[in-house]
Protein chains: 2
Amino acid sequence: MADGEFDLIRRHFSRPAPPGVLGVGDDCALLPTQPGAMAISTDLLVEGRHFFSDVDPAALGHKSLAVNLSDLAAMGAQPAGFVLGLALPRIDHDFLAGFARGMYALADRHACPLIGGDTTRGQDGIVISITIFGTVAPDDALRRDGARPDDDIWVSGCLGDADIALRLLLGEDAFPPGADRSALLAATRRALEWPEPRLALGQGLRGVACAALDISDGLLQDLGHVLTASGVGARVDADAVPVSPAVAALPVPLRRLAALSGGDVYELCFTAAPGSRARVIAAAAAAGVPVTRIGQITAAPGLRLVDASGDPIDPLPHGGYDHFA
Amino acid sequence: MADGEFDLIRRHFSRPAPPGVLGVGDDCALLPTQPGAMAISTDLLVEGRHFFSDVDPAALGHKSLAVNLSDLAAMGAQPAGFVLGLALPRIDHDFLAGFARGMYALADRHACPLIGGDTTRGQDGIVISITIFGTVAPDDALRRDGARPDDDIWVSGCLGDADIALRLLLGEDAFPPGADRSALLAATRRALEWPEPRLALGQGLRGVACAALDISDGLLQDLGHVLTASGVGARVDADAVPVSPAVAALPVPLRRLAALSGGDVYELCFTAAPGSRARVIAAAAAAGVPVTRIGQITAAPGLRLVDASGDPIDPLPHGGYDHFA
C-alpha cells in the first residue's frame, strides 16, 4: 500500500508517547484529564506571511511552538501537549529534520509532547498549524478581562527587537543614514527567530496578576484588548517601555514605534494591584525574567500615551500588525 | 487600530461560549475537564487537494468539521469543542457566511462548540485546520490495537459512493460507455460532500467493539492499520462490503475498487467478538445506522480478500489514497 505520508510523519516526528498518553497513530490522541480546565490555543503560520522562505528550519520549528507556548504562558497554564498540522509543497527531509529538531528542543524544555498530527501536500508555501493544550485551575487562569483601575501595567523582557530585525530583513528604509544595519540585525535577530515563551513567569503570576496576555501584534494593540475586555483605560509611559541597548540607541520615533507597535514579541503584558509589586518582582526573579512597570490602568476609558515628563504623545502612525491589513 | 482580522472573525464565527467555557477572545480557550481523558484529533484541508475550488462553501464547512467529528466517533468519544484555523487568500464574505453556516449546523447537532481560532491571509488557496476535542473514559476508548483473532469485522453504512462521485467530478474515464454519469453523480455526490460522522454508533460501541477506526483513506488501507496495530490478520469478503444501489449497479471491478479502496468515506470499521453480534446490532439500531459484517480477524498476519464464494481475489491495483502519492 502507498504509505508515503505515514513514513514521512514517522521518520521525523515519531517518538514514544509519555506514560498515560496515547499519541500519534490512532484516530485521536488521548490525554489524561483531571478536574480543572484545559487551556487551548491554535495558531496558523503561513510561509511568506509569518516567516521567510529561507528561514532556518530549526528556528521555524522553535518559533512555531514558541508562539503557542506563549499563549499558555499568558494564561498561567502548564503545558500538556500539542498537535501539529503541516501542509508542504514537497517533501524536503533536510527541512523536516531541522524543523523537528528546533521544535522538539523547545518541547522537551517545557515537557510538552507532540501527541498527534496531520501532514499533507499543500499548494504554494508551507503552512504550519499547531494546537496546544495546557492545564490550569479555572479560577487561577490569567484572563484579559480582569484589569482594574489603579492596577500597575507591567511587561516582561525587552520590546522592539523583533520589529527592528523584521524591518532590516525586509530592507526597510527606516534607519538613519550610516546606521550599521548588519550589527543591528545581529543584535536583534534572535528575538525575532528564537522567542522564549515566558511559562515560568506566567505560572508564577497566578494569583498575583489581575489580567495578562502575550504581546504578539504589538503592545498598544494587545493592551487595547485587555482594556476592552476589562472595561477600563490606561496611561502608558512610552519611554518606560523596556528596550534592548540596540533599540535604545535608535532615534526616538523609531524606538517608540518598535517598542509600542512592533509585533512578534512574545513577552507578557499584565496588570497587578500596586499592593502586589513585591510579589510580582518575586515571581519575576524566580522565573529569571526582568519585568518593568510601564503605566497604570484608569477608570476612564481609552489609552493615553505620555513621555517621561508626563506630557501626552500623539497616537503613533501604526497601530500594530493586522494579518489582513 | 487596524482591526480587520478581529472584525472578520467576529462577523462570521462569533457566538457566546457555552456555560463554563471561555471561548474566542483570550490567549487560550478554557474547556472544563473531569477525570478521564480528552480525545484530540487534528486535520488540515487544502484547496485543490482535499476539496475543489468551486465547492459549495456550506458543504465545505460541514465536511471540515465532519471529518474531525468522525475521528471522535471512531474513539467512542463525546464531542466537547473544536478550534478552527483558516488561511484565506482574500476575504470573501459570501464564502465565509456559507462555510460558517454549514459548520455550525453540524456543530449544533452534536453540541460541539467552536471555542477558538486563528485567521490569516494565506497564499494561493484556502487552508482549513480543525482540532477537535472529545471526552471518553480511557478504558472505554475504541482504539486500533484491540482486534483479536476470530473477531467479526463490521462496517457502518455504505462504502464507495464518495469515491465514485470524486471520479465523476474529476472527469475520469472509468465508467462503462453509455453510463448515465449525471444520474450517478446525483446519487453519490452527497456522500462525498456531506458525510455524516457516526458519533452515536461509536459511543454505542464502547464496551462492545474491540477495535475501531473511521474509513478515510479506503477500507483496505485503514483496516491495514488495525491489523498492524493489533498484530493480527484478516479475511475480508469483498462482495459483502455494503454499497448503495448506484454503486452496486457498476461493473464488478469498479464497484470493488470504490468499495474497498475508495477514500473519504467516514463510516466506521470495527471488530467485535462473535458473541457480541446481538449487542452490535442493538447499538446500530439505537444509532439508526446500518452495520454489515464483512469478514473475520485471523491470527495469521496479512489481509486476504475473497469473493462471495470464498475464492481469493487478487490484490487491487490501488491501495487507497496517499496524500503524498
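Bear in mind that the values here come from a model prediction, so they are computed numbers and not experimental data.

A. Summary view of the state of the cysteines. Considering all chains together, one arrives at 0 disulfides over all chains under this definition. Cys269 of chain A takes part in no disulfide bond, and the closest cysteine sulfur to it belongs to Cys210 of chain A, at a distance of 12 Å. Cysteine Cys28 of chain B is unpaired, with the sulfur of Cys112 of chain A as its nearest cysteine sulfur at 11 Å. Exposure remark for Cys28 of chain B: the relative accessible area of 1% places this residue in the buried category.

B. Main features of the sheet that holds strand β10 (residues 291-298) of chain A. All names here are of chain A. Taken in spatial order, the 6 strands make up an open sheet running β7-β9-β6-β10-β8-β11, and their pairing is mixed. At either margin of the open sheet sits one strand with a lone partner, and together these are β7 (211-214) and β11 (302-306). With strand direction ignored, the average angle separating the axes of adjacent strands in the sheet is 25°. Pairing geometry for strand β8 (residues 233-237) and β10, over 4 bridges, is antiparallel. If you follow Val236 over to β10, its bridge partner there is Gly295. With respect to the sheet, helix α2 (residues 57-75) is in contact with β7 and β9 (268-272), its orientation differing from that of β7 by roughly 175°.

C. Representation of the sheet that holds strand β8 (residues 233-237) of chain B within the structure. All names here are of chain B. Taken together, 6 strands build an open sheet; the order of strands is β7-β9-β6-β10-β8-β11 and the sheet is mixed. A strand with exactly one partner marks an edge of an open sheet, and here the two such strands are β7 (211-214) and β11 (302-306). Neighbouring strand axes in the sheet, compared pairwise and without regard to direction, differ in orientation by 25° on average. Note that β8 and β11 share 5 bridges and pair parallel. Each bridged residue has a counterpart across the sheet, and for Gly233 the counterpart in β11 is Gly302. Across the sheet, helix α2 (residues 57-75) touches β7 and β9 (268-272), and the angle it forms with β7 is around 175°.

D. Spotlight on the domain arrangement of chain A. Residues and elements named next belong to chain A. For chain A, the assigned domains read domain 1 (4-140) and domain 2 (144-306). Centre-to-centre separation of domain 1 and domain 2, based on C-alpha positions: 26 Å. Taken together, the contact between domain 1 and domain 2 spans 23 residues of the former and 20 residues of the latter. Buried area between domain 1 and domain 2, summed over both chains or domains, comes out near 1800 Å², and the portion from carbon and sulfur atoms is 61%. Our count for the domain 1 to domain 2 interface comes out at 2 salt bridges. The tally of links from domain 1 across to domain 2 stands at 7 residue pairs in polar contact (both at pLDDT 80 or more). Elements represented by at least two residues in the side of domain 1 that touches domain 2 include exactly α2, β3 (78-88) and α3 (93-109). Looking at which element gives the most residues to the side of domain 1 that touches domain 2, the answer is α2, with 12 residues. Across the side of domain 1 that touches domain 2, the residue classes break down as 13 nonpolar, 5 polar and 5 charged.

What counts and how
Residues numbered from 1 in each chain as written. Chains lettered and ligands numbered in written order. Predicted model: local features only at pLDDT ≥ 70, side-chain atom pairs only at ≥ 80, totals over all residues. Heavy atoms only, no water. Disulfide = S-S within 2.5 Å. Buried < 20%, exposed > 50% of the residue type's maximum accessible area, 1.4 Å probe, protein only. Pairing = 2+ DSSP bridges. Helix = DSSP H or I, 4+ residues; strand = E, 2+ residues; numbered from the N terminus. Axes fitted to C-alpha atoms, helices over the stretch in contact; angles between N-to-C directions. Contact = heavy atoms within 4.5 Å. Domains from an automatic or database assignment. Buried area = accessible area lost by both parts, 1.4 Å probe. Salt bridge = Lys/Arg side-chain N within 4 Å of Asp/Glu carboxyl O. Polar contact = N/O pair within 3.5 Å; in protein donor to acceptor, adjacent residues only side chain to side chain. Nonpolar A, V, L, I, M, F, W, Y, C, P; charged D, E, K, R; others polar.

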